[in-house]
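Listed below are the residues making up each chain.
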Amino acid sequence: MTSRIPRDSRLRLVRPRPLAAAPRAMNQRRPRRPAPRPPEGTPAPAALAGMARSQLAGAVRVARWADVALGPGRTAGDGKATLSEATAERAAEDLGLTPAQVRADWDTARLAGLIEVHGDRARPGWRLRAWDRDDSAVLRGWVALFDAWSLAHPEPGGQEPGAVAEVVSAMPQVLSFLQLSAGPVPVSQLLDLLRQRVTELRTERCEIDYAPRPAPVVPESTDAPLEPLLDWALRALASVGALTYGDGQATLTPLGSWAVWVKLEQICVAAQSPAGNIEQSAEDMLRGCAQLRPNAARAEYRAWLAARPVGSAVTELIDAARGEDALLRGLAFEALRVVGAPAEPEVRAVLGEPALRPYALLWLAEHDGADPEDAHEVLTREEATWLWVDTAAAVADHGEAPMLVRHLESAVQPTVPELLKEVRAVGHPRTVQVLVALAAAHPDPALARAVRRAAFQVHTGG
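Nothing here was measured: the structure is a model prediction, and the numbers come from that model.

**Q** Got a minute to help me understand the pattern of salt bridges in this structure?
**A** Any two side chains of opposite charge can pair if their charged atoms end up close together. Using the criterion set out here, one finds 21 salt bridges in the structure. The closest approach of N and O atoms between Glu200 and Arg197, which form a salt bridge, is 3.0 Å. On the criterion of helical spacing, the pair formed by Glu200 and Arg197 is a turn pair, its members being 3 residues apart in helix α9 (residues 187-204). By relative accessible area, which is 29% here, Glu200 ends up partly exposed. Exposure remark for Arg197: the relative accessible area of 18% places this residue in the buried category. Its salt-bridge partner being Glu344, residue Arg348 comes within 2.9 Å of it at the nearest N-O pair. Residue Arg348 and its partner Glu344 are both found in helix α16 (residues 344-349); the two are separated by 4 residues, about one turn of the helix.

Encoded structure:
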């Protein structure tokens, strides 16, 4: 009986596909629900985008100046995303503005995503590249500025940070009231609503005075702390173009009314979580999405994210990705793709973690505009091999044997011996289990024997 030499099998190189990207059968297609329509009288998207372009014209001008005049070099000299004195004066001279105007437009451009600052370096945001041709990019940029209204206008001095935070938390209800009123609303009426909402927020936090008193004390809400803060909030919202404010009344602009409607629709989406995972932790939500088709999973991610502050949601997803389940790792980064730009700092922060680095590099490449089909080119050979093993572990744990065999086709190595050599060297903690599962699943006896031998060598430290 003769032994067979393991074949130098050529692996067909194909681009990796997400585990959930299996083709959908025609009879499984579900009819799409019609998109909700904005209230009657809302301008068309093209008209809204024109208003947003007008509102952000100064920010766009400064962003384009920075793109041309400064190039990829240093643009934020103090490491805090603000222009250095010399750069602000140079921009003011070139654009015919004052340095204060340049700084204000620079800050607006950052908040709208027209400029992205990393440390003391700045680069044009993708919205700036698409500004003249993509109305949706323009509107998303303006909504980003609308969401950051509290940063766009300095708060009055001498105010308690807690009181400022309460007003910021209460303003969505004030804006919803303005949107439903569909016209001018007296500031005195808004002040009454703000008082009521702030009182509710304090009560929800159980701010109870436990000192001996004859009767329970209701948290105070006087005009003194809230009037100047309401004035600040309305002025800040007016500065971003969300409302007009004067003569003792406030009115939402068409852009502001549309943005509030968009936010209300997002809340409705969150309340109608397709698979019912909205109240689950990130890990349980991802497990619930594992069997969903890609579009259905993205809808579930959006609903889950809409019900949470972005910062805490991103932290939860990153923590879920650090777990032992490789499938959840991949799904967590799919959910982070739905988050988009707000997740970038957290994603960059995990580049030093070997288990997350390949996923983070792919996420960042796609975020920077790379085609998802070509994003894998940013990975080194070792990183691509680590990702291949990690994905194989997910398939071994949650997929079927034929799927694991097909996973061979996504390896960057052209031959099985090269793949096995580099898999052994990469040091993934699941290497032995992956190779054993692959050997058990592969129909070629010689190749299966070679894979088993590699698993044994890794297991014994050979």
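**Q** Sorry if this is basic, but what is going on with the packing of helix α13 (residues 294-306) against helix α15 (residues 326-339) here?
**A** Relative orientation of the contacting elements α13 and α15 amounts to 65 degrees, with a least axis distance of 9 Å. Relative to α15, the element α13 lies roughly perpendicular. Along this stretch, α13 crosses α15, giving a crossing that reads as right-handed. Where α13 approaches α15, its residues Arg298, Tyr301, Arg302 and Leu305 are matched on the opposing element by Leu331, Glu334, Ala335, Val338 and Val339.

**Q** When you look at the side chain of Arg430 in this model, what are you seeing that I'm missing?
**A** Position of Arg430 relative to the elements: it lies in the loop between α20 (416-426) and α21 (431-441). Within the local environment of Arg430, its side chain forms a polar contact with the side chain of Asp397, the two groups lying 2.9 Å apart. When neighbours within four sequence positions are excluded, Arg430 is seen to be in contact with Glu324, Ala393 and Asp397.

**Q** Explain the environment of Asp444 to me, please; I cannot follow it from the model alone.
**A** Following the sequence through the fold, Asp444 ends up in the loop between α21 and α22 (445-460). On the basis of relative accessible area, Asp444 is assigned to the buried category, the value being 12%. At a separation of 3.0 Å, a polar atom in the side chain of Asp444 contacts the main-chain amide nitrogen of Ala446.

**Q** What exactly am I supposed to notice about the nonpolar core here?
**A** A general feature of soluble globular proteins is that nonpolar side chains tend to end up buried together. Residues Leu114, Trp142, Met171, Leu194 and Trp258 are the most contacted members of the largest nonpolar core, which totals 70 residues. Leaving out residues up to four positions away in the same chain, Trp258 has contacts with Thr42, Leu48, Leu139 and Val143. Core analysis: the second largest hydrophobic core is formed by 62 residues, Ala313, Ala321, Ala393 and Ala411 among them.

**Q** Sorry, what's going on with helix α1 (residues 45-55) here?
**A** For the α-helix, the turn length of 3.6 residues means that residues three or four positions removed from each other point alike. Residues of α1 that are buried: Leu48, Ala49 and Ala52. Viewed along the axis of α1, the buried residues span an arc of 100 degrees, placing them on a single side of the element.

**Q** Please explain the packing of α1 against helix α6 (residues 135-147) as it appears in this structure.
**A** Between two packed helices, the angle of one axis relative to the other and the distance separating the axes together describe the packing. Taken N-terminus to C-terminus, the directions of α1 and α6 make an angle of 55 degrees; their axes are 9 Å apart at the nearest point. In terms of their interaxial angle, α1 and α6 are classed as oblique. When the axes of α1 and α6 are compared, the crossing they make is left-handed. Here Pro45, Ala46, Leu48, Ala49, Ala52, Arg53 and Gln55 of α1 come into contact with α6, specifically with Asp135, Val138, Leu139 and Trp142. For the contact of α1 with α6, the class distribution of residues is 8 nonpolar, 1 polar and 2 charged.

**Q** I tried to follow unusual backbone geometry on my own but got confused; where do I start?
**A** For residues other than glycine, phi is negative in most cases, and the peptide bonds are mostly trans. A positive phi angle, near 55 degrees, is found at Ala182, a position not held by glycine. Along the chain, Ala182 falls in the loop between α8 (161-181) and β3 (185-186). Phi is positive for Asp247, which is not a glycine, with a value near 55 degrees. Topologically, Asp247 is positioned in the loop between β4 (243-246) and β5 (249-252).

**Q** What is the right way to look at the confidence of the model for the protein in this model?
**A** Predicted coordinates in areas of low pLDDT are best not read in detail. Averaged over all residues, the pLDDT of the protein equals 79, while 82% of them reach at least 70. Within the protein, strand β1 (residues 115-118) has the poorest average pLDDT of any element, 73, and α1 the best, 93. Every residue in residues 1-33 is under pLDDT 50, and counting partners more than four places away or in other chains gives 51 contacts. Low pLDDT, under 50, characterises residues 207-224; the stretch is placed with 14 contacts to residues that sit more than four places away or in other chains.

Reading guide: rules and limits
- Residues numbered from 1 in each chain as written.
- Predicted model: local features only at pLDDT ≥ 70, side-chain atom pairs only at ≥ 80, totals over all residues.
- Heavy atoms only, no water.
- Salt bridge = Lys/Arg side-chain N within 4 Å of Asp/Glu carboxyl O.
- Helix = DSSP H or I, 4+ residues; strand = E, 2+ residues; numbered from the N terminus.
- Buried < 20%, exposed > 50% of the residue type's maximum accessible area, 1.4 Å probe, protein only.
- Axes fitted to C-alpha atoms, helices over the stretch in contact; angles between N-to-C directions.
- Parallel < 35°, antiparallel > 145°, perpendicular 65-115°, else oblique.
- Left-handed = near helix turned anticlockwise from the far one by under 90°.
- Contact = heavy atoms within 4.5 Å.
- Polar contact = N/O pair within 3.5 Å; in protein donor to acceptor, adjacent residues only side chain to side chain.
- Core = buried A, V, L, I, M, F, W, Y, C linked by side-chain atoms within 4.5 Å.
- Arc of directions from axis to C-beta.
- Nonpolar A, V, L, I, M, F, W, Y, C, P; charged D, E, K, R; others polar.
- pLDDT = per-residue confidence, 0-100.

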